[in-house]
Amino acid sequence: MTKTVFVTGGAGYVGSHCCKAFAKAGWNVVTYDNLSRGWADFVKWGPLIEGDILDADKLRNAIRETKPDVVAHFAALAYVGESVSDPALYYRVNLCGTLNLLETMRDEGVDQLVFSSTCATYGDPEEMPISETCEQRPVNPYGWSKLMVERVLSDFGRAYGLRSVSLRYFNAAGADPEGEIGERHQPETHIIPLAIEAARDESEFILTIFGKDFDTPDGTCVRDFIHVQDLAEAHLGALDYLQAAGDSCTLNLGTGRGHSVLEIVSAVTRVSGQPVRHAFGPRREGDPPILIAAPKEAGDLLRWSARRSDLDSIVADALGWVRIDAQRQSMREGASR
């Protein structure tokens, strides 16, 4: 019998790619999303229930009606700067919204959860690469909100028998290689789509590189970029792990290698054939020079590895999606005239 996964935030960037992977593997996929930062046209692999995780009654009715075997929880706010300027919003949505979800799961007898966490729970780590045992010291409310959820999951496990896999991922990047979905944020803050925009002939956008005096080989920040399709495969592995009675765990998702901002600029120039217009700005407060994952535990427990996360593949897929999405937008605008 086909099993059901209830995906909160399934209309967003990572959530939608995971929905595709789940459906291709034979899962019945139900997306629950308020579309405030997701996209209805990204929901292609099952029904969409439009709702907010802060709406406890609607959430309860949705879970009661769909009777999921597992919940995959992506619904959250994820802009670091916004979390600093409006922490109340982040704690309300990310923490209180998740508590609504977990209480509903408990009451409706759903005891398996895959949670979208983040490397932001580590803050500015003292060890590199970062293992799951590294001390967690978030430096912004976004990171704290995710770490608080991890603690709640642990307590729910002890008290109510909830089994969960928390996946702390590093820099999600790239797009669906088949071009069905991709990265679409408003505003866009991720380096690769910004670099692609700065390489377009018809654009006047200039990429700002924040800092050129970090203790790294070329002076710019180094990050661990992981293809969103590899992230989706890891989430699928987490579903299978829980279904096989796996114990609760927390895992890093990354590649174990880093690329600098200037390496990203070079890759976009190389793949697109266009130079990336860029300028240097001051460092951003709280930006660590290097963040690289130690992903061994995920490989061992989920039998997973990042297979498509070489930099050129990430950039090529992201560029392909940008071109496809622009064409679709142009066609929609033409049809509306």
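One can find the structure itself at the top, above this paragraph.
All values reported here derive from a predicted model rather than from experimental measurement.

**Comments concerning the overall build of the chain**
For the chain, the helix and strand inventory stands at 10 helices and 14 strands. Computed over the C-alpha atoms, the radius of gyration of the chain is 19 Å, within 12% of the 20 Å expected from 2.2 N^0.38 for a compact globule of 337 residues. Once the C-alpha set of the chain is aligned to its principal axes, its extents read approximately 55 × 55 × 40 Å. Looking at the chain as a whole, 51% of its 337 residues are labelled buried.

**As for the sheet that holds strand β9 (residues 222–223)**
Taken in spatial order, the three strands make up an open sheet running β12-β9-β14, and their pairing is mixed. Of all strands in the sheet, those with a lone pairing partner are β12 (259–260) and β14 (290–291), marking the two edges. As paired elements, β9 and β14 share two bridges and run parallel to each other. By the bridge assignment, Val222 is partnered in β14 with Ile290.

**Some words on helix α2 (residues 56–66)**
Within α2, burial applies to Leu59, Ala62 and Ile63. For α2, the arc enclosing every buried residue in end-on projection is 90°, short of the 170-degree limit, so these residues lie on one face. Seen from the open side of α2, the exposed residues pointing more than 90 degrees away from its buried face are Asp57 and Glu65. Looking at the buried positions of α2, the neighbouring elements they touch are β1 (4–8), β2 (28–33), β3 (48–50) and α4 (87–108). One or two positions beyond α2, positive phi appears at Lys67, with a value near 50°.

**Quick look at empty space enclosed by the protein**
Counted by the stated rule, this structure contains three cavities of 30 Å³ or more. Approximately 40 Å³ is the volume found for the largest cavity. Every residue lining the largest cavity is listed: His73, Phe74, Ala75, Ala76, Asn94, Thr98, Phe115, Ser116, Lys146 and Val149. Within the residue set of the lining of the largest cavity, elements represented by two or more residues are α4, β5 (112–118) and α5 (141–160).

**Quick look at the pattern of salt bridges**
In this structure the tally under the stated criterion is 22 salt bridges. Across the pair Glu82 and Arg37 runs a salt bridge, and its minimum N-O distance is 2.9 Å. Within this pair, whereas Glu82 is found in helix α3 (residues 80–85), its partner Arg37 is found in the loop between β2 and β3, the two being separated by 45 residues in sequence. In this structure, the salt-bridge partner of Arg308 is Asp317, at a minimum N-O distance of 2.7 Å. Exposure remark for Arg308: the relative accessible area of 28% places this residue in the partly exposed category. What makes Asp317 buried here is its relative accessible area of 11%. Through salt bridges that share partners, Arg60, Arg64, Arg106, Asp107 and Glu108 make up one connected network.

**Section: the layout of surface pockets**
In this structure, the second largest pocket spans a volume of roughly 600 Å³. Lining the second largest pocket are 24 residues, with Ile196, Glu197, Arg200, Val322 and Ala326 sitting closest to its centre. Counting residues per element, the ones that place at least two in the lining of the second largest pocket are α6 (191–199), α8 (261–272) and α10 (311–336). Take the lining of the second largest pocket: its biggest share by element is eight residues, from α10. Taken together, the residues of the lining of the second largest pocket break down into nine nonpolar, five polar and 10 charged.

**Considerations on the packing of aromatic side chains**
Going through the model one piece at a time under the given rule, you end up with three aromatic pairs. Between the aromatic rings of Phe42 and Trp321, the centroid separation amounts to 5.8 Å while the plane-to-plane angle is 70°, which identifies the pairing as edge-to-face. Placement of Phe42 in the loop between β2 and β3 and of Trp321 in helix α10 is noted, with a sequence separation of 279 residues between them. Accessibility assignment for this pair places Phe42 and Trp321 in one class, buried.

**With respect to the nonpolar core**
Soluble globular proteins: nonpolar side chains tend toward being buried together. With 34 residues, the main nonpolar core has Val14, Phe22, Leu167 and Leu253 as its most contacted residues. Mapped by element, the contributors of at least two residues to this core are β1, α1 (13–24), β4 (70–73), β6 (163–169), α7 (228–243), β11 (249–253) and α9 (296–302). It is α7 that contributes the most residues to this core, nine residues altogether. Residue contacts for Leu167: discarding those within four places in its chain leaves Val114, Phe115, Ser116, Ser117, Thr118, Ala234, His235, Ala238, Leu251, Leu253 and Leu302. Listed in part, the 26 residues of the second largest apolar core include Tyr32, Ile49, Phe115 and Leu153.

Rules behind the numbers
Residues numbered from 1 in each chain as written. Predicted model: local features only at pLDDT ≥ 70, side-chain atom pairs only at ≥ 80, totals over all residues. Heavy atoms only, no water. Helix = DSSP H or I, 4+ residues; strand = E, 2+ residues; numbered from the N terminus. Rg over C-alpha atoms; globule rule 2.2 N^0.38 Å. Buried < 20%, exposed > 50% of the residue type's maximum accessible area, 1.4 Å probe, protein only. Pairing = 2+ DSSP bridges. Arc of directions from axis to C-beta. Contact = heavy atoms within 4.5 Å. 1 Å grid on protein atoms, 1.4 Å probe; cavity = no way out; pocket = protein on both sides within 12 Å on 5 of 7 lines; lining within 4 Å. Points joined across faces, edges and corners; volume = space filled by probe spheres on them. Salt bridge = Lys/Arg side-chain N within 4 Å of Asp/Glu carboxyl O. Nonpolar A, V, L, I, M, F, W, Y, C, P; charged D, E, K, R; others polar. Phe/Tyr/Trp six-rings, centres within 6.5 Å; stacked < 30°, edge-to-face > 60°. Core = buried A, V, L, I, M, F, W, Y, C linked by side-chain atoms within 4.5 Å.

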